[in-house]
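As a plain string of letters, each chain reads:
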Amino acid sequence: MMFTSTGSWGLYKAPLSKSLLLLPTILAVLLTVLLPQYQDLFIYNLQAVRQGKQLWRLVSGRLICLDLKDTFCSSLLIYNFRIFERRFGSHKFASFLFGAWILSAFVDLLLTEALRFMFELQVDVLPAGLLGPVFALFVPFYNTIPRVQVTQLLGHVSITNKSLTYIVGAQLLTSSAYMWIVACSGLIAGMLYYSNKLAVQKYLRVPEWVARCGSVLLEPVFSDSEPTAEAPLGMGATLDIQRQQRMDMLDQQLLLSQLAHFRRNAQQQQAQQTGLLNWNRFFPTLRHRGQNRHQEGPQPQQPPYTHPPDNTAVVEEQVARLMEMGFSRMDAQEALRASNNDINIATNFLLQH
């Protein structure tokens, strides 16, 4: 399923994010309130994995949060990170979550073994839930989402559109004693997958047939209806949703202003190289002035100056990525030239036009 959404309302065009919000939350409430006797099956017990060879706990212990505060914070973060599903498509978003989930499991084991070997700190149980991929999403969030200042606190502390997300992440980080281990493993897994230094994206990805099956199953159930153009700003159910809508609009405005800035810089560079004005048309040289005194009859008019064509080279790999999102090759090339080959700005520009 390709990324074709242009809206920023709720969970439109984000069925995977919506399913990750609803299903784990419902299961966490059931295990906490109605079925507490089954919680032992979902405890992330590393001692049972090492000594009891209960490898299935690496799966069951890393799916459902057994603490409702962790469930609430991780749900808020997934809701804020839904922008990546819209930007990259549900298939690539699912591949990132799957790759980070696998990598963070290995990093959890390595970190706990390193703590035991270096500091004699025995860590047997870690916080349960889909926490590794959630912390891993902070890596693309830090690298790709622009920072827009909203206000200043006490005249010195800058409050941006990203501050709320970082505050929720800090709250989740301090919710338990060993949450920092899960956070570190998630961040390391996110950096490994995002940078693709070890070519992990080639191997740790959701197969195409699984993505198609998931699209058939999830879209009818978890897809929101398309928002109307008449929907005004601030119609969210809560103040947080209204604030998120405003932040999304500020994000889009910043990207468009950056694109215009890149275009102006490109035009100024070309003007410096070729000269934007032909000054000889206004101030002819002395040689031409002398000739004009004795020359009779009308002079041939100089042809108007034409702006040189934009020959900025584009990266074919980025053109291919934009074409995978559903844009034409000509539009992709034009957007990349205008944004100086910045794939994020080009993507948002194409979505706005």
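Residues numbered from 1 in each chain as written. Predicted model: local features only at pLDDT ≥ 70, side-chain atom pairs only at ≥ 80, totals over all residues. Heavy atoms only, no water.

(A) Geometry of empty space enclosed by the protein. Applying the stated criterion across every chain, the model contains six cavities of 30 Å³ or more. Considering only enclosed or pocket space, the second largest cavity measures out at about 100 Å³ in volume. Contributing to the lining of the second largest cavity are 13 residues, with Leu20, Pro24, Cys65, Ser74 and Leu130 lying nearest its centre. Those elements giving two or more residues to the lining of the second largest cavity turn out to be helix H1 (15-34) and helix H4 (68-80). Partitioning the lining of the second largest cavity into residue classes produces nine nonpolar, four polar and no charged. (1 Å grid on protein atoms, 1.4 Å probe; cavity = no way out; pocket = protein on both sides within 12 Å on 5 of 7 lines; lining within 4 Å. Points joined across faces, edges and corners; volume = space filled by probe spheres on them. Helix = DSSP H or I, 4+ residues; strand = E, 2+ residues; numbered from the N terminus. Nonpolar A, V, L, I, M, F, W, Y, C, P; charged D, E, K, R; others polar.)

(B) How the structure looks around the side chain of serine 17. Mapped onto the fold, serine 17 is located in helix H1. Side-chain polar atoms of serine 17 contact the side chain of glutamate 85, separated by 2.7 Å. (Polar contact = N/O pair within 3.5 Å; in protein donor to acceptor, adjacent residues only side chain to side chain.)

(C) Geometry of the packing of H1 against helix H6 (residues 90-119). Packing of H1 against H6 leaves a shortest axis separation of 9 Å and a crossing angle of 45°. Between H1 and H6, the interaxial angle falls into the category oblique. Here Pro15, Leu16, Ser17 and Leu20 of H1 come into contact with H6, specifically with Ser90, Phe93, Ala94 and Leu97. (Axes fitted to C-alpha atoms, helices over the stretch in contact; angles between N-to-C directions. Parallel < 35°, antiparallel > 145°, perpendicular 65-115°, else oblique. Contact = heavy atoms within 4.5 Å.)

(D) Here's a closer look at the pairing of strand E3 (residues 149-153). Sheet topology note: the E3/strand E4 (residues 157-160) ladder contains four bridges and is antiparallel. Directly across from threonine 151, in E4, lies its bridge partner isoleucine 159. Joining the antiparallel neighbours E3 and E4 is a turn of three residues, in which leucine 154 adopts a positive phi near 60°. (Pairing = 2+ DSSP bridges.)

These results come straight from atomic positions and should not be treated as a statement about function.
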